[in-house]
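Summary of structural features
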Amino acid sequence: MKALVLAGGSGSRLRPITHTSAKQLVPVANKPVLFYGLEAIRDAGIRTVGLVVGDTADEIEGAVGDGGQFGLEVTYLRQEAPLGLAHAVLIAREFLAEDDFVMYLGDNFIVGGINQIVDQFRTERPSAQIMLTQVPDPRAFGVAELDAAGRVIGLEEKPDRPKSDLALVGVYLFGSAIHDAVAELKPSWRDELEITDAIQRLIDTGHHVEATVISGYWKDTGNVTDMLEVNRLVLEGLEPRVDGLVDEASELIGRVVVEAGAQVRGARIVGPVIIGAGTRIHDSYIGPFTSIDRDCTVSDSEIEYSIVLRGASIAGVRQIECSLIGRETEVTPAPRIRKAHRLVLGDHSKVQISS
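**Some thoughts on a nonpolar patch on the surface**
- A cluster of nonpolar side chains, namely Leu343, Leu345, Val351 and Ile353, defines an oily patch on the protein surface of about 350 Å² accessible area.
- Residue Leu343 is classed as partly exposed on the basis of its relative accessible area, which comes to 48%.

**A word on the state of the cysteines**
- Evaluation of the coordinates by the stated rule reveals zero disulfides.
- Summary of cysteine pairing: Cys296 is not part of a disulfide, and the nearest cysteine sulfur, belonging to Cys322, is at 18 Å.
- Here Cys296 falls in the buried class, since its relative accessible area comes to 0%.

**Considerations on the side chain of Ser306**
- One can find Ser306 in the loop between strand S25 (302-304) and strand S26 (307-308).
- For Ser306, a relative accessible area of 0% translates into the label buried.
- At 3.3 Å, the side chain of Ser306 forms a polar contact with the backbone nitrogen of Cys322.
- With residues near it in sequence (within four places) discarded, Ser306 still touches Leu228, Asn231, Phe289, Thr290, Ser291, Ile320, Glu321, Cys322 and Ser323.

**A closer look at the pattern of salt bridges**
- Scanning the entire structure with this criterion turns up 21 salt bridges.
- The residue Arg232 makes a salt bridge to Glu229 at a minimum N-O spacing of 2.8 Å. Here Arg232 pairs with Glu229, and both are found in helix H8 (residues 224-236), just three residues apart, close to one helical turn.
- Through salt bridges with shared partners, a single network forms among Glu157, Lys158, Arg190, Glu192 and Glu194.

What counts and how
Residues numbered from 1 in each chain as written. Predicted model: local features only at pLDDT ≥ 70, side-chain atom pairs only at ≥ 80, totals over all residues. Heavy atoms only, no water. Patch = residues over 30% accessible without salt bridge, like charges linked within 9 Å, V, L, I, M, F, W, Y side chains within 5 Å. Areas by Shrake-Rupley, 256 points an atom, 1.4 Å probe, with all protein chains shown as cover. Salt bridge = Lys/Arg side-chain N within 4 Å of Asp/Glu carboxyl O. Buried < 20%, exposed > 50% of the residue type's maximum accessible area, 1.4 Å probe, protein only. Disulfide = S-S within 2.5 Å. Helix = DSSP H or I, 4+ residues; strand = E, 2+ residues; numbered from the N terminus. Polar contact = N/O pair within 3.5 Å; in protein donor to acceptor, adjacent residues only side chain to side chain. Contact = heavy atoms within 4.5 Å.

Given below as structure tokens:
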């Protein structure tokens, strides 16, 4: 079995971070989201990976390399434009050959990995297997309709009137029959080749499509809120470790990781928190569920439930929370200015002003 990992999206919902960085490389607990997916693929016993890339190809290739750091063999497949998930399968036809494969969206995060669904696919041998989860608003997802026996009878991409609340999770498993289905597709109303249309074609032509409804945790890390939530979840599993310098004036509470080369002086850190290599924390409070990447500086500041990317600097700022702070960013206090009220009042006005 092979893997096809999609890492070509533009990440418009994470702008401005993704103006200068691939969305799949935005870190969760100081590790790019994409790396969690590659590790899950490796842990499922898959070694051969096709990585579909777009405009951020150089950055992705620089981070992943030949895949050796993950125990994988990676081949890069260039997608000239984001023309749909099925289009990624289409351009990967030669790489995939007749092999079974798992298609994994590189900005998705699934707790517990994919071992179970891969083993089930290998045992039962359907033409396709999809993962579903209940969502409060399925209109933003591909949606599956099941019959009373739990069999997939219909699929639709981002419907205005969903027939169920079961959304497709960003992991799919396919046999070689998917290639004929993809080859017959026409662009949808979104001008994309939809993988849901390809799977529907398999159903319509009598192929067995299996569905697994998962109750575990899944997130599409396409926006800041979801990124922070996944960061929180990963940090929950931290094992405390101090490889850097923490002075006697500092206090570490709970699950805190201080990586090699980091310096913590006169600070109070309440975990779960991870402090990256080379980062300096001085006279500050770092609150729960915060990841601070390498080579950052936080001085005389307070921050919690946030992600701070490489090389950022925060100085003299209180009560930062629920924030995603980009690489090489500088956060400082606003200049103090005299407060004054400027009024244009008509005749006989009555105004109350709090002083």
